[in-house]
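Chain residues, written in single-letter form:
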Amino acid sequence: KSQTGVAKPGKPISSFGFRAVAGEKVAIPEGHAGRILLIHFWAAEDAPSKAELTELVALHAEVHDKGLDIVGINLDASIKSLKAWVEANQVPWPQYCDGLKSDNAIARYFGVTSLPHTILIDKTGNVKSLGLHGPELAKAVRELLGIKK
């Protein structure tokens, strides 16, 4: 079965699942039906990724209860270090890390070549946007949730 895995705006996200580093099972998009989902590709050893994570933790705190879920796809080498970093920085959403860095299976599947990277998925499981960051990402999330700000 041939799949490119490339996410395209306006098209459904390809279904996939994984066991997060904390042990929970994650199913995308099925486990997030009726909610906005942000897939965030990042690495703790990447300064722009860490800066964006701070913004995402604040956005998540603001709108998670209004319908935003986030899933992290981490491209670090050490799962143990990732767990410690996520705990120390109070990142509350599930993280996937296979320790393969740029050969991370999910990042390769979606053709991610630079970090940080985002895929924003609407409530119906369709890709809304790719590669949004900062204020543009926050604005797109609020718009999908019907929040005026």
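In what follows, the accompanying structure is described. (Residues numbered from 1 in each chain as written. Predicted model: local features only at pLDDT ≥ 70, side-chain atom pairs only at ≥ 80, totals over all residues. Heavy atoms only, no water.)

Moving on, we come to the pairing of strand E4 (residues 68-74). Of all 7 residues that make up E4, 7 are buried, and the element is covered over most of its length. Neither face of E4 is open: one carries Leu 68, Ile 70, Gly 72 and Asn 74, the other Asp 69, Val 71 and Ile 73, and all of them are buried. Sheet topology places strand E3 (residues 36-42) next to E4; 7 bridges connect them, and they run parallel. When the bridges of E4 are listed, Phe 41 appears paired with Ile 73. Between the parallel elements E3 and E4, the chain passes through helix H1 (residues 47-63) in a crossover that is right-handed. Judged from the 2 bridges that link them, E4 and strand E5 (residues 95-96) form a sheet pairing that is parallel. Looking at E5, one finds that Gly 72 is bridged to Gln 95. (Buried < 20%, exposed > 50% of the residue type's maximum accessible area, 1.4 Å probe, protein only. Helix = DSSP H or I, 4+ residues; strand = E, 2+ residues; numbered from the N terminus. Pairing = 2+ DSSP bridges. Right-handed = clockwise from strand over helix to strand, strands pointing away.)

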